[in-house]
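Overview (structure and organization)
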Amino acid sequence: MTDAASSPTRRPTRMMRCWRDAGLAAGGGLLLVLAALPVDRDQVFGPETFVFRLVNDHTVLPFVVVWALMQLGNMLAIPVAAVAAALTRHFRLAVGMLIGGLVTYYLAKVVKGIVPRGRPAELLSDVHIRGAEPHGRGFVSGHAGVVTLLAVLAWPYLGRRGRIAVASVVAFVLLSRIYVGAHLPLDMLGGAAVGLAVAGVGRLLLGRPAPCS
């Protein structure tokens, strides 16, 4: 018989709250304000136009590939990520992703009402629309907010390879929304700021695995 006392047991993960997470929340809020300041409802200024053209004017990947990966910032990614976290027994993370994702999604809609700006095709000429033509207001991007929120919440639970993977996903989603002609660069920056702020608050409320790295 195997000695039960000698069998390994899984130690519960020690959770803690860090001042760094308060900095994430405050930094996200500040970044949102800074991203909103140059936004004009009737025109796009030079530097933002340059970045948009740099991404939107060149065909890099087939749209079907871009579309599939771009859905990682879709609202449906929220319950999928939460279920994945729950299946790995990270229940606080699952709750944070589910609630934080919904807060981010709807907060982005609130910001759209406060800082009105149309989609790229309404403000610039010769915009390359890949896929369905986007409608509604552009600032901020809900995709950017959702993918950033999920990545920042998951970050403390991941190893080096996992962190590289989620950082790559965030960068891809942000660039892909410009590539398909759905958003301008400041839309993406503002959306990421919303996700960062909500993630910081979520980590403060629910805690995160030690240490504060």
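Here the structure is a predicted model, which is why all the values come from computation and not from measurement.

Rules and cut-offs
- Residues numbered from 1 in each chain as written.
- Predicted model: local features only at pLDDT ≥ 70, side-chain atom pairs only at ≥ 80, totals over all residues.
- Heavy atoms only, no water.
- Helix = DSSP H or I, 4+ residues; strand = E, 2+ residues; numbered from the N terminus.
- Expected span 1.5 Å × (residues − 1).
- Buried < 20%, exposed > 50% of the residue type's maximum accessible area, 1.4 Å probe, protein only.
- Contact = heavy atoms within 4.5 Å.
- Axes fitted to C-alpha atoms, helices over the stretch in contact; angles between N-to-C directions.
- Parallel < 35°, antiparallel > 145°, perpendicular 65-115°, else oblique.
- Left-handed = near helix turned anticlockwise from the far one by under 90°.
- Nonpolar A, V, L, I, M, F, W, Y, C, P; charged D, E, K, R; others polar.
- Polar contact = N/O pair within 3.5 Å; in protein donor to acceptor, adjacent residues only side chain to side chain.
- Core = buried A, V, L, I, M, F, W, Y, C linked by side-chain atoms within 4.5 Å.

1. Topic: helix α9 (residues 185–206)
- Here α9 spans 31 Å end to end across 22 residues, near enough to the 32 Å set by a 1.5 Å rise per residue.
- Burial analysis of α9 places 17 of its 22 residues in the buried class, the great majority of the element.
- A positive backbone phi angle near 85° is found at G207, which sits one or two residues after α9.

2. Quick word on the environment of V146
- Locating V146 in the fold gives a position in helix α7 (residues 142–154).
- Owing to a relative accessible area of 0%, V146 belongs among the buried residues under this scheme.
- Along the chain, V146 and N74 lie 72 residues apart, while their C-alpha atoms are 7.1 Å from each other.
- In this structure V146 touches G73, N74, I78, G101, T104 and Y105, once residues within four positions along its chain are discounted.

3. Some words on the packing of helix α5 (residues 91–114) against α7
- For the pair α5 and α7, interaxial distance at closest approach is 9 Å and the crossing angle is 155°. Between α5 and α7, the angle is such that the two are roughly antiparallel. Crossing angle aside, the handedness with which α5 passes α7 is right-handed. Across the interface between the two elements, L93, G96, M97, G100, G101, T104, Y105 and A108 of α5 pack against G142, G145, V146, L149, L150, L153 and A154 of α7.
- Class assignment of the residues belonging to the contact of α5 with α7 gives a composition of nine nonpolar, six polar and no charged.

4. Quick word on the side chain of D21
- Here D21 lies in helix α1 (residues 19–36).
- At 2.8 Å, the side chain of D21 forms a polar contact with the side chain of R203.
- Setting aside chain neighbours within four positions, we find D21 in contact with G200, R203, L204 and R208.

5. Things to note about the nonpolar core
- If you look at the biggest cluster of nonpolar residues, it comprises 29 residues, and the most contacted ones within it are L32, M97, V111, F139, V140 and L150.
- The residues touching M97, leaving out its near neighbours within four places in the chain, are I78, A81, A82, A85, L149, L150, L153 and A154.
- M70, L123, L124 and A182 belong to the second-largest nonpolar core, a separate cluster that totals 21 residues.

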